[in-house]
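# Structure assessment
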Amino acid sequence: MKIDPMSSVHAIRSSVLFGLGLAAACQGAGAREERPREAPPVGDGAARSRAAEAVAAPMDVAGTIESRFEYLVAKYDADGDGAVAIDEYDRESGRFARFDRDADGVLTAADFESGGAGMDAEVLRGFGQEMAFLRAFQSAEEPERLTGETLEASLRAADMDVDGALDAAELGALFERETAPEDGLGARMWSMMMRDADPVELVTSAVDQDGDGVLQTPEVFAYFEEQAGDDGAMTGGLGGGSRRGAGSARPAAGGRGSRAAEGEVAPDFELEPPGGGEAVTLSSFRGARPVALIFGSYT
Amino acid sequence: MVYIREAHAIDSASPLGGAGHPIVEDPIDIGERRALAKVCMSKLALEPIPALVDDTDDAVDEAYGAWPDRMYLVGRDGRIAYQGGEGPFGFLPAELEAAIERELARSKP
């Protein structure tokens, strides 16, 4: 991506903070407090035309369809029975199984909270727990990446009465630390996610296996090991377990981003714009202009 | 903008969707990913920023350790002048801005 030096800085500042799904996430977090809407019955005239719209432009459903279940029915329900049977679904069966909570081979409203309107509260809570854990133990030097060493150091520093465990007060104190810049994406997501939640409760519920209300070091490390990626670190990609390639057979890169360190030659690539057409090669800018790369996705 | 693998597709291991958050299935081929990138750039008003789409082998994403979001600055010399931290905690537009200013000052043609 090439940038015009004069306007780039302002374009990036305003666009990036409000793009890359942050705008969508902000709307999502705000809407959590609303009452979930009922999914309209299939067969209703207005629903049918919305469904037809969704199928015609399945990627463009925001504003027409607000529930995951409604989306799936609009896209896959060939026999019009208001449910999606596994033979109506044409993607990987592993993905179907993720939706099919009661594992009965059919996707019905029962597989989704509130028929799928609104976000999945269980999933959101899991993300909240991950983020709170990361936030509690992250270092100020490298807040985006929690390694075993950092975790150990943070635990030792936090265990004020040196009893090998963290109680609620010691845990609470960890959240008082200022570890990440206020204007970063992490800080914004943090304040959105913690609006209705208590970070101490989130971490305790995630980690405290024996229910004594205190976090023992082995319990903390057990949770960390579950969440850490193949490189042994927790970063903030929520649902980070998916970075281990769930849903795909991709092997992990040897040390994420290891080919792309400061001072190294930028890994070259040739990619096309979304509308197709002429591919752009990164190395073609060498000697001509700097290139800012902003990696992200809609969700 | 380099458009990569979805952060929260509804059929992924880290699903979000509904209540204002876009409802998106994981693209299964480059055509679907390109269509989704187009929708993203349009809906989030990012069209002034040129976009490219990573192939579904996610090769560029992996080379840069990019998922879910990350920023880099490649200098005029073709070397990485700034490597941002992994998102979200490492995603800091102010840092990229500073890196751009440094690079422009450093490498006047």
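Residues numbered from 1 in each chain as written. Chains lettered and ligands numbered in written order. Predicted model: local features only at pLDDT ≥ 70, side-chain atom pairs only at ≥ 80, totals over all residues.

## Some remarks on the overall build of chain A
- When its secondary structure is counted, chain A shows 11 helices and nine strands.
- Per-residue burial for chain A yields a buried fraction of 36% across its 299 residues.
- Across chain A, contacts joining residues at least 24 apart in sequence account for 55% of those joining residues at least 6 apart. (Helix = DSSP H or I, 4+ residues; strand = E, 2+ residues; numbered from the N terminus. Buried ≥ 20, exposed ≤ 12 C-beta atoms within 10 Å, placed from the backbone. Contact = placed C-beta atoms within 7 Å.)

## Some words on the packing of helix α8 (residues 168–176) of chain A against helix α10 (residues 199–207) of chain A
All names here are of chain A.
- Viewed as axis vectors pointing N to C, α8 and α10 meet at an angle of 120°, and their least axial separation amounts to 9 Å. Between α8 and α10, the angle falls in the class oblique. Considering only the axes of α8 and α10, their crossing is right-handed. Across from Ala 168, Leu 171, Gly 172 and Phe 175 in α8, the residues of α10 making contact are Pro 199, Val 200, Val 203 and Thr 204.
- Across the contact of α8 with α10, the residue classes tally to six nonpolar, two polar and no charged. (Axes fitted to C-alpha atoms, helices over the stretch in contact; angles between N-to-C directions. Parallel < 35°, antiparallel > 145°, perpendicular 65-115°, else oblique. Left-handed = near helix turned anticlockwise from the far one by under 90°. Nonpolar A, V, L, I, M, F, W, Y, C, P; charged D, E, K, R; others polar.)

## Points about unusual backbone geometry
- Geometrically, the link from Trp 67 of chain B to Pro 68 of chain B is a cis peptide bond, its omega value of -5° lying close to zero.
- Unlike most non-glycine residues, Ala 103 of chain A shows phi in positive territory, near 50°.
- Relative to the assigned elements, Ala 103 of chain A resides in the loop between α5 (93–99) and β2 (106–107).
- For Ala 103 of chain A, a count of 8 C-beta atoms within 10 Å gives the class exposed.
- With phi around 55°, Ala 45 of chain B is a residue other than glycine that occupies positive phi space.
- Relative to the assigned elements, Ala 45 of chain B resides in the loop between α1 (30–43) and β2 (52–53).
- Residue Ala 45 of chain B is classed as partly exposed on the basis of its C-beta count, with 13 C-beta atoms lying within 10 Å.

## With respect to the sheet that holds strand β3 (residues 70–74) of chain B
- Pairing in this open sheet of five strands is mixed, and the strands run β2(B)-β1(B)-β9(A)-β3(B)-β4(B) from one edge to the other. Each edge of the sheet is formed by a strand with only one pairing partner; in this case those strands are β2 and β4 (80–83) of chain B.
- Summarising the sheet, strand β9 (residues 291–296) of chain A and β3 of chain B pair through five bridges and their orientation is antiparallel. Bridge pairing links Phe 295 of chain A to Arg 70 of chain B in β3 of chain B.
- This element, helix α3 (residues 93–106) of chain B, spans β9 of chain A together with β3 and β4 of chain B of the sheet and lies at about 0° to β3 of chain B. (Pairing = 2+ DSSP bridges.)

## Here's the deal with the confidence of the model for chain A
- Looking at chain A as a whole, its pLDDT mean stands at 76, while 71% of the residues score no less than 70.
- Scored below 50 in pLDDT, residues 241–255 of chain A makes 26 contacts in the model with residues more than four places away or belonging to other chains. (pLDDT = per-residue confidence, 0-100.)

## Details of helix α4 (residues 68–76) of chain A
- Of all the nine residues making up α4 of chain A, seven are buried; the element is thus mostly covered by neighbouring parts of the structure.
- Of the positions making up α4 of chain A, those classed as buried are Arg 68, Phe 69, Glu 70, Tyr 71, Leu 72, Val 73 and Ala 74 of chain A.

## Side note on the domain arrangement of chain B
- In terms of domain boundaries, chain B breaks down into domain 1 (2–64) and domain 2 (72–106).
- Distance between the C-alpha centres of domain 1 of chain B and domain 2 of chain B: 22 Å. (Domains from an automatic or database assignment.)

## Regarding the pairing of β4 of chain B
Residue and element names in this part refer to chain B.
- Pairing of β3 with β4 involves three bridges; the strand directions are antiparallel. Opposite Leu 73, over in β4, you have Tyr 82 as the bridge partner.
- In sequence, β3 turns back onto β4 through a hairpin of five residues, with Gly 78 there showing a positive phi of about 80°.

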